[in-house]
Amino acid sequence: MLSISLELPEFEVIKQLSFSNQYFVHVQKKCHEERCPYCGFMTSYVHDRRTRKVRDLPILNHSVCLFVLVKRYQCQNCQSVFSESYESIQPNKHQTNRYREYLFELCQDTTIQDVSRKQKIPYSTLERIYYSVAQEKAALHQKQIHEALDKDELVLSLDEVSVRKGHRYETVLTEAKLGCVIGMHKDRDCDSTIQLFNQNVLSSQTVQTIVLDMWEPYHKAIQSVFPLATIVIDKYHVVQKVTQALDKVRKRFAKLKKARFLLLKGYESLQDYQKARLEEILEEYPELACAYYLKELFRDFYKLTDYDDAHDLLEEWIQLARNSPYSSFHKVANTLEKWKAPILQYFLSPYTNARTEGTNHKIKNIKRRAYGYRNLKRFRLRVFLECTGNTNFDQIA
């Protein structure tokens, strides 16, 4: 028999049995008196004893079951009968606290079904354990986030993620500096976004900056809840509009189907043979060359650091795009003119949705891993835990 400490100080081992793939350990509590939960008096009178089977952490790939000899005491003051309590086992649970924590950690970044099969635990039992522990963890994370964020000027990031086919979205609110998820809400309209802001009880005084795309309902919600907040349009979405306009021009030429990568990628990132091929294409299709140079000129816009220089270049680009023969660039020019102020705000408050986009990718992986979620509350809980669990809250202070 291998001798290994259980590391459960409140118990003493009575006997242990070893089988081919599991250990049975009989234990009892060291303390021989208990405080009555009804009147508060100490008693040592044992009314009866019962055995309780509890599963503990595995040892060397062997499952471990604890057979706890439970004493039921009778209070000599109020005559009530009660069972002794344990620090390592919750009432009415069939697993130790550390084993429940262990199962919860195993379910992170994988499916409950996979852990259920490996640990030989019924799916419904493991599901109940996971979400029970998850609720406790979520409450702790929520408290830590609010304690940390109240001390700081908030920079929020707002974006949506698709959860089902048919334009079913969840709006995701994150803290832009850390990338931790603060909340999620169904749909992406103005009313649902306002509800998302209100459910997190964010102060309009602490929210200084909000980074988002050009989705109109989000901006209406921000004006309603945080009228003093500075709005920054994420530069990725702005550049995306320009590259999409170039791609529409490319699609006019059937022979350039395989040239998409060369045209959309930054010129400085191309290898020598790719640059040579690109120059051949632009020489052969002069109409496309004009659209390509508009795209490259706009990329230079975000390389600037001075607000005034950026303002002048943006005005120049909008004028060039309007004078071009391409309707797709005309639309982009009108869009940039409409959102000019929050786009230029980037040069005063250089925040982006980069971390939010990374978080959205992780959210999609969580959804794919489970082949979708019918229960959106559990989906949000899982996202909240997996996207905030490793956050270092000391960075915020």
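Residues numbered from 1 in each chain as written. Predicted model: local features only at pLDDT ≥ 70, side-chain atom pairs only at ≥ 80, totals over all residues. Heavy atoms only, no water.

Each helix and strand in the protein chain was counted, giving 14 helices and twelve strands. Radius of gyration (C-alpha) of the protein chain: 30 Å, far over the 21 Å computed for a compact globule of 397 residues. Along the longest, intermediate and shortest principal axes, the C-alpha atoms of the protein chain span 95 × 50 × 35 Å. Counting the 397 residues in the protein chain, one finds 47% classified as buried. If you take every contact in the protein chain between residues at least 6 apart in sequence, the share linking residues at least 24 apart comes to 57%. (Helix = DSSP H or I, 4+ residues; strand = E, 2+ residues; numbered from the N terminus. Rg over C-alpha atoms; globule rule 2.2 N^0.38 Å. Buried < 20%, exposed > 50% of the residue type's maximum accessible area, 1.4 Å probe, protein only. Contact = heavy atoms within 4.5 Å.)

Read from one edge of the open sheet, five strands run E10-E9-E8-E11-E12, paired in mixed fashion. Because the sheet does not close on itself, it has two edges, and the strands there are strand E10 (181-186) and strand E12 (230-233). If you compare each strand with its neighbour and ignore which way they point, the axes differ by 25 degrees on average. The pairing of strand E9 (residues 168-175) with E10 spans four bridges and is classified as antiparallel. Bridge pairing in E10 links Val 172 to Met 184. Against the sheet, helix H13 (residues 354-369) makes contact with strand E8 (154-164), E9 and E10, and its axis sits at roughly 30 degrees relative to E8, the strand it touches most. (Pairing = 2+ DSSP bridges. Axes fitted to C-alpha atoms, helices over the stretch in contact; angles between N-to-C directions.)

Take helix H9 (residues 286-301) next. Over its 16 residues, H9 runs 23 Å from end to end, which matches the ideal 22 Å to within 8%, given 1.5 Å per residue. Against helix H6 (235-250), helix H7 (260-264), helix H8 (272-284), helix H10 (307-323), helix H11 (327-338) and helix H12 (340-344) lie the buried residues of H9. (Expected span 1.5 Å × (residues − 1).)

Packed helix pairs are characterised by how far apart their axes lie and by the angle those axes make with each other. Two elements in contact, H6 and H11, have axes whose closest approach is 8 Å; the angle formed by their N-to-C orientations is 165 degrees. When the axis of H6 is compared with that of H11, the two are roughly antiparallel. As for the relative orientation of H6 and H11, their crossing is right-handed in sense. From H6, Val 238, Lys 241, Val 242, Ala 245, Leu 246, Lys 248 and Val 249 reach across to H11, where they touch Ser 328, Phe 329, Val 332 and Leu 336. (Parallel < 35°, antiparallel > 145°, perpendicular 65-115°, else oblique. Left-handed = near helix turned anticlockwise from the far one by under 90°.)

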